[in-house]
Amino acid sequence: MVLMVRILFVSLFIGLVSSDPLPVQDYCVAVTDSETYIPCKNSSLVTIEDFMFYGLNATVEFNDAGLAIVSVNANTFPGLRTQGVSLARADFAVGGVAVPHVHPRATEVAWVLEGTFLSGFIDSQERVFSKVIQKGDVFLIPRGLVHFHKNVGDVQGSLLGFYNSENPGRSTFQDTIFGCGVKEELLGKYLGLSAEDISKMRGKLNLRGKAEAGFSASPN
Ligand SMILES: *[C@@H]1O[C@H](CO)[C@@H](O)[C@H](O)[C@H]1NC(C)=O
Ligand SMILES: *[C@@H]1O[C@H](CO)[C@@H](O)[C@H](O)[C@H]1NC(C)=O
């Protein structure tokens, strides 16, 4: 029992002070074309190109919310595996928004390259920290907290986000709540809404298909 409590404390402590585990070798280029789990590319086959990423020089297609993101994490840039860092370029059309979301595994530092944004985060006491930021400003979003950005200027805007994780993860409130496989009756109970309201909301957010796929995959 005492041992268990100690292990729990040690794991909590490690959880608090570190983000990704420390690397145990110089690099570990992820193997992306293997069906079995091979953690690192054979180092004799590693070249300079494994340490390069191309593609932050252009805006990709905007989504319905007026947001275009290029994520440079271990999934898109295998050389980042075990290095504990990643980044993303986010372009915003006029009025474009990054809806409230979290990166469960990383602190974010956002640097405004162009434009004017209303940005903010909400801490675990529901206190909102928000401000209009502009070109050259750097905004810190503490690890795992809900945050948002909206382009409030009259031209397209860009942010570069830096993360202390090779794969920070991203989950939005609407996808987590309405795109998950929890059945409408049950979700309705949590939120004080009828099953029809939940179903309507799922339809409105275009998440019905995603939720239904979840129903068949999960035992609830
Ligand atoms: C790594 O690649 C080299 C050169 O092709 C080869 O000689 C070596 O056996 C490989 N190592 C492993 C563990 O596959
Ligand atoms: C972006 O950079 C890549 C690689 O350096 C290049 O091939 C591509 O043409 C560039 N695209 C633009 C829009 O500048």
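Residues numbered from 1 in each chain as written. Chains lettered and ligands numbered in written order. Predicted model: local features only at pLDDT ≥ 70, side-chain atom pairs only at ≥ 80, totals over all residues.

**Details of the overall build of the chain**
Reasoning step 1: Each helix and strand in the chain was counted, giving five helices and ten strands.
Reasoning step 2: Considering only contacts in the chain between residues 6 or more positions apart, those separated by 24 or more positions represent 71%. (Helix = DSSP H or I, 4+ residues; strand = E, 2+ residues; numbered from the N terminus. Contact = placed C-beta atoms within 7 Å.)

**A short note on the UniProt feature "binding site: oxalate" (unreviewed entry) in the chain**
Reasoning step 1: Under the local residue numbering, the UniProt record ascribes the feature "binding site: oxalate" (unreviewed entry) to His103 and Glu108.
Reasoning step 2: Within the secondary structure layout, His103 lies in the loop between strand E3 (97-102) and strand E4 (108-114).
Reasoning step 3: Here His103 falls in the buried class, since 23 other C-beta atoms lie within 10 Å of it.
Reasoning step 4: Excluding its chain neighbours within four sequence positions, the residues that come into contact with His103 are Glu108, Tyr163, Pro168, Gly169 and Arg170.
Reasoning step 5: Structurally, the position occupied by Glu108 is in strand E4. (UniProt positions renumbered as here; feature names shortened; annotations may be inferred. Buried ≥ 20, exposed ≤ 12 C-beta atoms within 10 Å, placed from the backbone.)

**Describing the sheet that holds strand E7 (residues 138-141)**
Reasoning step 1: If you trace the five strands from one edge of the open sheet to the other, you get E1-E2-E9-E4-E7, paired in antiparallel fashion. Two strands close off the open sheet at either side, each with one partner strand: strand E1 (67-72) and E7. Mean inter-strand twist for the sheet, computed between neighbouring axes without regard to direction, equals 20°.
Reasoning step 2: As judged from the six bridges shared by E4 and strand E9 (residues 157-163), these two strands associate in the antiparallel manner. (Pairing = 2+ DSSP bridges. Axes fitted to C-alpha atoms, helices over the stretch in contact; angles between N-to-C directions.)

**Considering the sheet that holds strand E8 (residues 146-151)**
Reasoning step 1: Taken in spatial order, the five strands line up as E6-E5-E8-E3-E10 in an open sheet, and their pairing is antiparallel. Edge positions in the sheet fall to strand E6 (128-134) and strand E10 (171-172), since each has one partner strand and no second.
Reasoning step 2: One ladder, built from three bridges, connects E3 with E8; its direction is antiparallel. Pairing of Val97 across the sheet is with Lys150, part of E8.

**What about unusual backbone geometry?**
Negative phi values dominate among residues other than glycine, just as trans dominates among peptide bonds.
Reasoning step 1: Positive phi, normally seen in glycine, also occurs at Thr82, with a value near 70°.
Reasoning step 2: Along the polypeptide, Thr82 turns up in the loop between E1 and strand E2 (86-92).
Reasoning step 3: By C-beta crowding, Thr82 is classed as buried, having 20 other C-beta atoms within 10 Å.
Reasoning step 4: Phi angles above zero are rare outside glycine, and Asn206 is one such case at about 65°.
Reasoning step 5: Counting through the fold element by element, Asn206 comes out in the loop between helix H4 (195-204) and helix H5 (208-217).

**Thoughts on the confidence of the model for the chain**
Reasoning step 1: Considering every residue of the chain, the mean pLDDT works out to 85; 85% of them sit at 70 or more.
Reasoning step 2: Throughout residues 7-17 the model reports pLDDT below 50, and contacts reaching past four residues in sequence, or to other chains, amount to zero contacts. (pLDDT = per-residue confidence, 0-100.)

**Brief notes about the environment of Asn42**
Reasoning step 1: Assignment of secondary structure puts Asn42 in the loop between helix H1 (2-17) and E1.
Reasoning step 2: A residue is classified by how many C-beta atoms lie within 10 Å of it, and Asn42, with 9 of them, is exposed.

**Overview of the pairing of E2**
Reasoning step 1: Most of E2 is tucked away: seven of the seven residues are buried.
Reasoning step 2: Judged by which residues are buried, E2 turns out to be covered on both faces: Ser86, Ala88, Ala90 and Phe92 on one side and Leu87, Arg89 and Asp91 on the other are all buried.
Reasoning step 3: The pairing of E1 with E2 spans six bridges and is antiparallel. Bridge pairing links Ile69 to Ala90 in E2.

**Points about the packing of helix H3 (residues 184-191) against H4**
Reasoning step 1: The N-to-C vectors of H3 and H4 enclose an angle of 100°; their axes lie 8 Å apart at closest approach. Considering the angle they form, H3 stands roughly perpendicular to H4. Here Glu184, Glu185, Leu187 and Gly188 of H3 come into contact with H4, specifically with Ala195, Ile198 and Ser199.
Reasoning step 2: Partitioning the contact of H3 with H4 into residue classes produces three nonpolar, two polar and two charged. (Parallel < 35°, antiparallel > 145°, perpendicular 65-115°, else oblique. Nonpolar A, V, L, I, M, F, W, Y, C, P; charged D, E, K, R; others polar.)

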